[in-house]
Amino acid sequence: MERKNQNIIKRWNPLTLLFLIILLAVFSVLYNYKVTLVIVMIMVITAMLAGEGHNFLKAWIKSIVVICAICFVLQSLFIPGQQVLWEFWVFQIKRESIGRAIILCSRILGVGSAILLGAKLIDMSSLMTVLEKKGISPSATYILLSTSNIIPQMSKKMNAIMEAQKSRGIETDSNLIVRAKAFFPAVVPLLLNSLVSAEERAITMEARAFSASCSKTKIRDVEDAKSDKIIRILLAVILLLGIGGKIWIVLK
Amino acid sequence: MLNEKRGLKADFTLITILIIPIAIAVNFIIGSLVLTLKLPLYLDSIGTFLVAILAGPWVGALTGFLSIAINSIADPTLFPFSIIACALGFIVGFMARRKMFTTIGRFIIAGIITAFVAMVMSITISYIFYGGFDTSGNALLLGTMVTAGIPFWPAVVVINFISEVPDKFISLLVPYLVIRGMSERYLHKFSNGSVFIDARKAREEKKKNK
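Residues numbered from 1 in each chain as written. Chains lettered and ligands numbered in written order. Predicted model: local features only at pLDDT ≥ 70, side-chain atom pairs only at ≥ 80, totals over all residues. Heavy atoms only, no water.

Counting 111 residues, the largest nonpolar core has F183 of chain A together with I30 and F101 of chain B as its most contacted members. No other element matches helix 2 (residues 14–36) of chain B, which puts 15 residues into this core. Counting residues in hydrophobic clusters, the runner-up holds 14 residues, among them I79 of chain A together with F133, A139 and A155 of chain B. (Core = buried A, V, L, I, M, F, W, Y, C linked by side-chain atoms within 4.5 Å. Buried < 20%, exposed > 50% of the residue type's maximum accessible area, 1.4 Å probe, protein only. Helix = DSSP H or I, 4+ residues; strand = E, 2+ residues; numbered from the N terminus.)

Right under this line is the structure:
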């Protein structure tokens, strides 16, 4: 019912979105930087259609663009080559290194943007529901899903431990040796604490019949419309054609 | 009741399934703690090693892989290094099963093996995927050394030696100390637990005989 109110992209089944993300990532790895640029454009448009354009672009510039820039500079400065294009002080920029930098950055750009788009568009818990329906074990989906929940929880715990240790007189902003000494008293309580919480979780899960072998009911159901299936088949065909095309180009 | 069954399927008990996400989170949190303390190490595999030592090679490998794979959502250039984390998790788990983490002497040997494998693999992966210049701070150092006239391979080996050996030793030392302090009741729940319980019993008997 909820899904009718949503926009054109978010109405898709999460599995369909996953197919789209994989397709875009594979294409940008297989083909050269021009294709990657087109694909990144497609991603931005997709994000905008889904109403996540602003969020996506903000995160994209902060992470992927920065990483690509670092990578490009390092690669073009230090990868060895013969033909020097440009020189200043002790640095030389060579034709070969620029070529390598472009290939590498185009791949990082393509795959990185695809993953980021996936993270923005796909709702993890509904993707896991769908995957479970398709026969993936609940343990696997539990591992993936709970990781994203546990990280913020544990980060809170870590802060609490650090505050406690600071109030006992452990210094965290002095020279290297003092800072290194602060490491163990912060980490050991965190580890022991989280191991104990794992046990508590185990009891809780067991009480809810997590490892029972019978079939279970789900509180949420993710719609898998006919149009989704058709789109998925189309995407799979395009993916195969893309891989085939690449093989054909290589053989030629 | 000791959990004596071992193997791919028997290793994945309920408690190990529950502890994998926690280990990944531990990796992540300690990684950021190291950043806030401005220590010159990564230490992003403590959780992986802890799980690997407790629950064996398969769980260790899975945890290592997932941990870096999830991290690479923020930095996609990390993804190739998930192979290393996977292999290290496996090796550490395997060594733990062969009683390599029961005494301090064996621990040092295990540490040397782990650090060596980590060094060789990280050089190889970094060279294959990035020509040696990935996006870590090491690459900048390497670039400086190469421009200063030091040949590429010696520079790579030295840098990786400096960054991997202390890192892996501390990453193994923390789980080693934690497991020493763990209660037997808790150790029983993991497939490698019996290894540590037996070692503990043997140590106590030795003390008595003296």
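Having seen it, we continue.
Time to look at helix 7 (residues 137–147) of chain B. Along helix 7 of chain B, the residues that are buried comprise N138, A139, L142 and G143 of chain B. Taken down its axis, helix 7 of chain B places every buried residue within 140° of arc, on the same side. Summarising the geometry of helix 7 of chain B, the exposed residues directed more than 90 degrees from the buried face are G137 and L140 of chain B. Tucked into the core, helix 7 of chain B has its buried residues touching helix 3 (53–78) of chain A together with helix 8 (152–180) of chain B. Trailing helix 7 of chain B by a residue or two, G149 of chain B shows a phi angle of about 105°, which is positive. (Arc of directions from axis to C-beta. Contact = heavy atoms within 4.5 Å.)

Tracing the backbone through its elements, the reader meets I17 of chain B in helix 2. C-alpha separation for the pair I17 of chain B and R203 of chain B, spaced 186 residues apart in sequence, amounts to 31 Å. Excluding anything up to four places from it in sequence, I17 of chain B contacts S139, Y142 and I143 of chain A together with F12 of chain B.

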